[in-house]
Protein chains: 2
Amino acid sequence: MTSSPKKRIALLGSTGSIGRQTLDVVAANPEHFEVEVLTAQNSAEELIRQAKQFKPNAVVIVNEEQYTTVKQALANEPIKVFAGEQALGSVVQMESVDLVVTALVGYAGLKPTIKAIEAGKSIALANKETLVVAGALITQLAREHRVNILPVDSEHSAIFQCLAGEIHNPIEKIILTASGGPFRGKTRADLAQVTKAQALKHPNWSMGAKITIDSATLMNKGLEVIEARWLFGVQAAQIEVLVHPQSIIHSLVQFEDGSIKAQLGLPDMKLPIQYALAYPQRLKNSFPRFDFARYPSLTFEKPDTETFRNLALAFEALERGGNMPCVLNAANEVAVAEFLNDRLSFLGISEVVEQCLGKLDYIREPALEDYVETDKMTRIRAKELIR
Amino acid sequence: MTSSPKKRIALLGSTGSIGRQTLDVVAANPEHFEVEVLTAQNSAEELIRQAKQFKPNAVVIVNEEQYTTVKQALANEPIKVFAGEQALGSVVQMESVDLVVTALVGYAGLKPTIKAIEAGKSIALANKETLVVAGALITQLAREHRVNILPVDSEHSAIFQCLAGEIHNPIEKIILTASGGPFRGKTRADLAQVTKAQALKHPNWSMGAKITIDSATLMNKGLEVIEARWLFGVQAAQIEVLVHPQSIIHSLVQFEDGSIKAQLGLPDMKLPIQYALAYPQRLKNSFPRFDFARYPSLTFEKPDTETFRNLALAFEALERGGNMPCVLNAANEVAVAEFLNDRLSFLGISEVVEQCLGKLDYIREPALEDYVETDKMTRIRAKELIR
């Protein structure tokens, strides 16, 4: 192994599930990575603890009310402390940053990602909403600034791994696998009375609350379909969703000769995180290995888009294009938050999304301001609908 | 698609199963390939028909008794006709040949492959026995002459496809899949009375007689283990055999980060043949596509090496090294031929192989002459044992 300079990482959303696992990967590979920036929305305590351990150059606490807490706790450390949303856009542009890991939840990832791309930083994208909301804009910017967008989602990482060495070979089809979530096989009648606690129990993956609910509604897969469209330059008709309850085959690519490549492994986000961080190198590790003896059968079925309307709505938004995926995402973010606050039923989530898709104005080629406006108007409309 | 010059192909063993499918691929892609040489062991009629269709520069009929037949039939064509084993070594060295496809059966592939490598030709290797018998010698030669050895076996093609773009990433493990053959799940008692007709009925693949019997005894997988050791530079302990009755996952590679890549598709040799011919390009085709809807479950189990002794014997020969894989192969070739002639029982095949492995002299670093001598002596010993 030749020694290469360490990659200096800005980690946006360091206290969430992906953020913490990213720091585990960094801690296990101190010869490869070092932490330059950590940011958190609200979790001041965890951010302080992480900062003391990883000694970044700077931290950002987005919730300005927590600034004094963080500043005082780190008073004896040579660490710059910033607060507020705007600071995210500045720290990702720091000269000393090589790679920006965007592990923020939801729409909040959009603006700092744009700033990072504009500064020519590589992006490890764990925030799928960024591409869902503004895929055309983001991928155009990335081309202009010759920036790599490295997927962190396990499905997109699988496809990205399968595309290694295949750059000149056109993709015929992408097959995104889906566990089916905790309610696979249920009918709409079954789902009418679903509780928050039930929806938060994912069979295979341990993740944050927003993405766990999105997995239960299949919206997560819908967002991934839109993300895949932009990451891999394919059309909606080239993307297929396949339910695979064991979550071992993380996704597949079919090439124009009919050959299919797949990436497999235990459901563990550390592997795709490490792959994005170390790309194009693979780092030896001691993660538990997959063993076929424990999985004598891998099974596959079609997704039930009658029951799980969100997946069909995501395809519809992608096919309509323009600002419709942005509407889809904003409506869903509001609906999931309201579901988590016990103010909306499980089936209500897709009803809110569907109604918003029907009611917001269509913009064919949105600029950034249009996305911002669409997001804002959709949230207002979604909240009205729920009230 | 940029237009590149056509690859000019010497096809050794053009009348066998792989040979005929290779010609199907060539015929479907006249803008990419042209046939420079065709060779056959005995099948004069088929060779003549192929020569008239593909207009090669030269043909070889190995069985010299058929020379006149072929010569006269092609008298009005501008095609050179040669006969005899030696001619194979000459035609592969022709200036006009770019790629040699070795689709010969068994040990016969060794010498022409060496000649082709010495002349700097790329090799599409469908003759696994070449690497089984003399893997150290062949891979050393290929390195010296900077020759690519492109696997045609579906399992090795799968691994080779998964290794694209991963050249700097060490392999942790190779998982070779095996259908398990027609007798999967049987006991030794069940196999005592097995007939030739039963052994020739492979559940998934349509192949020549020798390889079909090898599939029924699992020797085919054993030979593939040895082939993989040489093609991919791994040790015996890094190779695992996994029974997968549907033959959809053609094989898998696990890297040092624990990530596993697999190649999948319907069981159809045309795809790996086309991949080897067109490498590194993938050519669009109309081969039937794999559909998960028709395979809702893919299953996996450990191979039964108590019943199918040949697989254990192949690992043993590989671990002992030297000329032992050559002994294994020669004993097996004789035993399978005798089984096909109704002079040996199905279980007798592995008994002959095991006894030969115990009785032939061990040579640690064989030269080509040692392989030739080992092959000869083993065949004599195997025939004595059967008589």
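Since this is a predicted model, take the numbers as computed values, not measurements.

Notes on the environment of B:T177
Residue and element names in this part refer to chain B.
- When you line up the elements, T177 lands in strand 8 (residues 171-178).
- Sequence separation between T177 and V353 is 176 residues, and the spatial gap between their C-alpha atoms is 23 Å.
- Ignoring sequence-local partners within four residues, the contact set of T177 consists of E155, K221, L242, H244, I249, H250, S251 and L252.

Some remarks on the relation of the copies chain A and chain B
- For the pair chain A and chain B, the relating rotation is 180°, the translation along its axis is 0.0 Å, and the fit reaches an RMSD of 0.0 Å. On this basis, the relationship between the two copies can be described by a two-fold rotation axis. No C-alpha of chain A approaches the rotation axis more nearly than that of A:G165, which lies at 1.8 Å.
- The share of interface residues of chain A whose copies in chain B are also at the interface is 100%, consistent with both copies meeting through the same surface.

Overview of the pairing of strand 2 (residues 33-40) of chain A
Residue and element names in this part refer to chain A.
- Counting buried positions over the eight residues of strand 2 gives seven, a clear majority of the element.
- A crossover links strand 1 (residues 7-12) with its parallel partner strand 2, the connecting element being helix 1 (residues 17-28), and its sense is right-handed.
- Sheet topology places strand 2 next to strand 3 (residues 58-61); four bridges connect them, and they run parallel. If you follow A40 over to strand 3, its bridge partner there is I61.

Some remarks on the sheet that holds strand 9 (residues 239-243) of chain A
- Reading across the sheet, the eight strands line up as 9(A)-8(A)-10(A)-11(A)-11(B)-10(B)-8(B)-9(B) and stay open at both edges, with mixed pairing between neighbours. In this open sheet, the two edge strands, each paired with only one partner strand, are strand 9 of chain A together with strand 9 (239-243) of chain B. The sheet shows a mean angle of 20° between the axes of neighbouring strands, direction not considered.
- In this sheet, strand 10 (residues 249-255) of chain A lies alongside strand 8 (residues 171-178) of chain A in antiparallel orientation, the contact comprising five bridges. Among the inter-strand pairings, A:K173 is bridged to a residue of strand 10 of chain A, identified as A:Q254.

Structural notes on the packing of helix 10 (residues 209-217) of chain A against helix 14 (residues 324-340) of chain A
Residue and element names in this part refer to chain A.
- The contact between helix 10 and helix 14 brings their axes to 10 Å, and the two run at 100°. When the axes of helix 10 and helix 14 are compared, the pair comes out roughly perpendicular. When helix 10 is examined against helix 14, the residues A209, K210, I213 and D214 are found in contact with a partner set consisting of N332, E333, V336, F339 and L340.
- Grouping the amino acids of the contact of helix 10 with helix 14 by side-chain chemistry returns five nonpolar, one polar and three charged.

So, the domain arrangement of chain A
Residues and elements named next belong to chain A.
- For chain A, the domain assignment lists domain 1 (7-151) and domain 2 (156-267 + 297-320).
- The C-alpha centroid of domain 2 is placed 26 Å from the C-alpha centroid of domain 1.
- Tallying the contact residues gives 13 residues for domain 1 and 15 residues for domain 2.
- Interface area for domain 1 against domain 2, summed over the two sides, is near 1,200 Å², with a carbon-plus-sulfur share of 73%.
- Of all residues in domain 1, K128, V132 and P151 give up the largest surface area on contact with domain 2, accounting jointly for 49% of the area buried on that side.
- Here domain 1 is connected to domain 2 by two salt bridges.
- The salt bridge involving E129 is made with K210; its shortest N-O contact spans 3.2 Å.

Calculation rules
- Residues numbered from 1 in each chain as written.
- Chains lettered and ligands numbered in written order.
- Predicted model: local features only at pLDDT ≥ 70, side-chain atom pairs only at ≥ 80, totals over all residues.
- Heavy atoms only, no water.
- Helix = DSSP H or I, 4+ residues; strand = E, 2+ residues; numbered from the N terminus.
- Contact = heavy atoms within 4.5 Å.
- Least-squares fit on C-alpha atoms with pLDDT ≥ 70 in both.
- Buried < 20%, exposed > 50% of the residue type's maximum accessible area, 1.4 Å probe, protein only.
- Right-handed = clockwise from strand over helix to strand, strands pointing away.
- Pairing = 2+ DSSP bridges.
- Axes fitted to C-alpha atoms, helices over the stretch in contact; angles between N-to-C directions.
- Parallel < 35°, antiparallel > 145°, perpendicular 65-115°, else oblique.
- Nonpolar A, V, L, I, M, F, W, Y, C, P; charged D, E, K, R; others polar.
- Domains from an automatic or database assignment.
- Buried area = accessible area lost by both parts, 1.4 Å probe.
- Salt bridge = Lys/Arg side-chain N within 4 Å of Asp/Glu carboxyl O.

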